[in-house]
Amino acid sequence: MFVFSKDCPLEDLGNGVSRRILAHGGKMMQVEVHFADGAIGYMHNHPHEQLTHILSGEFEFTIGDVTKIVKTGDTLYKEPNIMHGCKCLKAGVLLDTFTPIREDFLTK
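Cut-off values and rules
Residues numbered from 1 in each chain as written. Predicted model: local features only at pLDDT ≥ 70, side-chain atom pairs only at ≥ 80, totals over all residues. Heavy atoms only, no water. Phe/Tyr/Trp six-rings, centres within 6.5 Å; stacked < 30°, edge-to-face > 60°. Helix = DSSP H or I, 4+ residues; strand = E, 2+ residues; numbered from the N terminus. Buried < 20%, exposed > 50% of the residue type's maximum accessible area, 1.4 Å probe, protein only. Polar contact = N/O pair within 3.5 Å; in protein donor to acceptor, adjacent residues only side chain to side chain. Contact = heavy atoms within 4.5 Å. Salt bridge = Lys/Arg side-chain N within 4 Å of Asp/Glu carboxyl O.

Trainee: What is the right way to look at the packing of aromatic side chains in this model?
Mentor: To describe a pair of aromatic rings, you give the distance between the ring centres and the angle between the ring planes. Here the structure, examined in full by the defined rule, presents three aromatic pairs. Each ring, one from phenylalanine 35 and one from phenylalanine 59, has its centre 5.3 Å from the other, and the planes form 80°; the classification is edge-to-face. Linking phenylalanine 35 in strand E3 (residues 28-35) with phenylalanine 59 in strand E5 (residues 49-63), this pair joins segments that are 24 residues apart in sequence. Here the two residues phenylalanine 35 and phenylalanine 59 agree in accessibility, since each one is buried. Aromatic rings pair up to connect Phe35, Phe59 and Phe61 into one cluster.

Trainee: Where do I start with the side chain of glutamate 32 in this structure?
Mentor: Mapped onto the fold, glutamate 32 is located in strand E3. With relative accessibility at 15%, the residue glutamate 32 sits in the buried group. Among the polar contacts listed, one links the side chain of glutamate 32 to the side chain of histidine 34, at a separation of 2.8 Å. When near neighbours in sequence (up to four residues on either side) are disregarded, glutamate 32 contacts Ser18, Arg19, Arg20, Leu22, Val93, Leu94 and Leu95.

Trainee: Got a minute to help me understand the side chain of arginine 20 in this structure?
Mentor: With respect to the helices and strands, the residue arginine 20 is situated in strand E2 (residues 17-25). Using a relative accessible area of 14% as the deciding quantity, one classes arginine 20 as buried. Here the side chain of arginine 20 touches cysteine 8 through a polar contact of 2.6 Å, landing on its backbone oxygen. Leave out the neighbours within four places in its chain, and arginine 20 touches Ser5, Cys8, Pro9, Leu10, Gln30, Val31, Glu32 and His34.

Trainee: Is there a simple way to think about the environment of valine 3 in this case?
Mentor: Topologically, valine 3 is positioned in the segment before strand E1 (10-14). Owing to a relative accessible area of 32%, valine 3 belongs among the partly exposed residues under this scheme. Spatially, the C-alpha atom of valine 3 lies 26 Å from that of lysine 71, the residues being 68 residues apart in sequence. In this structure valine 3 touches Cys8, Leu22 and Ala23, once residues within four positions along its chain are discounted.

Trainee: What's the story with the pattern of salt bridges in this structure? I'm lost.
Mentor: Close approach of charged atoms allows side chains of opposite charge to pair. Using the criterion set out here, one finds five salt bridges in the structure. The salt bridge involving glutamate 11 is made with arginine 19; its shortest N-O contact spans 3.4 Å. On the accessibility criterion, glutamate 11 (30% relative accessible area) is partly exposed. With a closest N to O distance of 3.1 Å, arginine 20 and glutamate 32 form a salt bridge. Residue arginine 20 is located in strand E2, and its partner glutamate 32 is located in strand E3; the two are separated by 12 residues in the primary sequence. Glutamate 32 carries the same exposure label as arginine 20, and that label is buried.

The following block contains the structure:
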C-alpha cells in the first residue's frame, strides 16, 4: 500500500493542533500530528500501544509520572492505558504509530 501525503488531508483539531492520518490497515496505523508553539496535547490514555517519533520541534512530554524534554530525532514508547500528554515548546511535527489501529480516528 502506498500512501502519499498530498492525498491525506490535514484535519484541524483546534488550539494549534492538526492531524494527518497516513497509512493504516491490519493492526497498524501512522499519523502525523502538527503542533504550533505552546499547543497542548492534553493528558489522556487509550488501549493502543504507541510509538511517537519527533520529526521536528521540541516538546515537554509526560508519560505516566515521568516528564522529559524531547527534540527532533527522539522516539517515545507508550504502553497501553498509560496516561500521557505534551506541551509544544517549539513548533513541530510528531509521527505516531499505533497498534491496533485507532478506529476512533477513522470514524470522526
